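Listed below, chain by chain, are the residues.
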Amino acid sequence: NRLDFLTRRLIALRRLGEVRLVQLHSTALTDELFHRFTTFYDIRQLARHGTAPFTEDPLKGLFHRRLLERDPREVLLFVLMAGSIPVAFDFRLLNKGRAITCMTPFDQRWLAASPGKLLTDLVAEALRQRGCEHLDHTPGGDEYKEEAASAHETVHRLRLFPSRSQAQVYTL
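Residues numbered from 1 in each chain as written. Predicted model: local features only at pLDDT ≥ 70, side-chain atom pairs only at ≥ 80, totals over all residues. Heavy atoms only, no water.

Caption draft 1: Main features of helix α4 (residues 58-70). Over its 13 residues, α4 extends 19 Å from the first C-alpha to the last, a length consistent with the 18 Å expected when each residue adds 1.5 Å. Residues of α4 that are buried include every one of G61, H64, R65 and L68, and no others. Projected down its long axis, α4 shows its buried positions confined to an angular sector of 100°, all on one face. Residues of α4 that are exposed and point over 90 degrees away from its buried face: P58, L59 and R70. Buried positions along α4 lie against α2 (31-49), α3 (53-56), β2 (75-82), β3 (85-95) and β4 (98-103). Put simply, D57 is the residue that caps the front of α4, since its side-chain oxygen is 3.0 Å from the backbone nitrogen of L59. (Helix = DSSP H or I, 4+ residues; strand = E, 2+ residues; numbered from the N terminus. Expected span 1.5 Å × (residues − 1). Buried < 20%, exposed > 50% of the residue type's maximum accessible area, 1.4 Å probe, protein only. Arc of directions from axis to C-beta. Contact = heavy atoms within 4.5 Å. Polar contact = N/O pair within 3.5 Å; in protein donor to acceptor, adjacent residues only side chain to side chain.)

Caption draft 2: Main features of the packing of aromatic side chains. The full count for this structure, using the stated rule, is seven aromatic pairs. Ring centres 5.6 Å apart and planes at 85° place the aromatic pair Y41 and F54 in the edge-to-face group. One end of the pair, Y41, is in helix α2; the other, F54, is in helix α3, with 13 residues separating them in the sequence. Like F54, Y41 is buried. Grouping aromatic residues by their ring pairs yields a cluster made of F34, F37, F40, Y41, F54, F89 and F91. Just above the ring of F54 sits the side chain of K60; from NZ or CZ to the centre is 5.3 Å. When the ring centre of F34 is taken as reference, the NZ or CZ atom of R65 above it lies at 4.9 Å. (Phe/Tyr/Trp six-rings, centres within 6.5 Å; stacked < 30°, edge-to-face > 60°. Lys NZ or Arg CZ within 6 Å of the ring centre and 35° of its normal.)

Take a look at the structure:
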């Protein structure tokens, strides 16, 4: 009865009000909304990796806000709203017809309603309507990425060390 459980959660999400996608431009991004975005992201990162990037680095928030202000055509922030409540966010970069996913934090209380997946679907459709040709979900074999993928690219990583001894220590 997992489907029944998910259906109940989606119905609960809709009870908060109309479920809709909103693009946040820097002028519409309130401090409260930005705080929700960074909090959702930090909670997820704490759960997965034991770090809270926005909390640990006070310049990270300022950097991302400035990105939105300086290039609103190529730095996008969307929010999935249920009534007046932000449930999930999507921060991405546009580059030559390719939309690159950077962060998709969501309110963990709505995890069972798959807000991240719903948000990703809505953002993909909005970007398609704008003429975006490629969605880059970044590396990783997360299930939602595999469901949406039409192609895969090999990703190579390069790690540089200032000295041979530091590289050897890392290898050990």
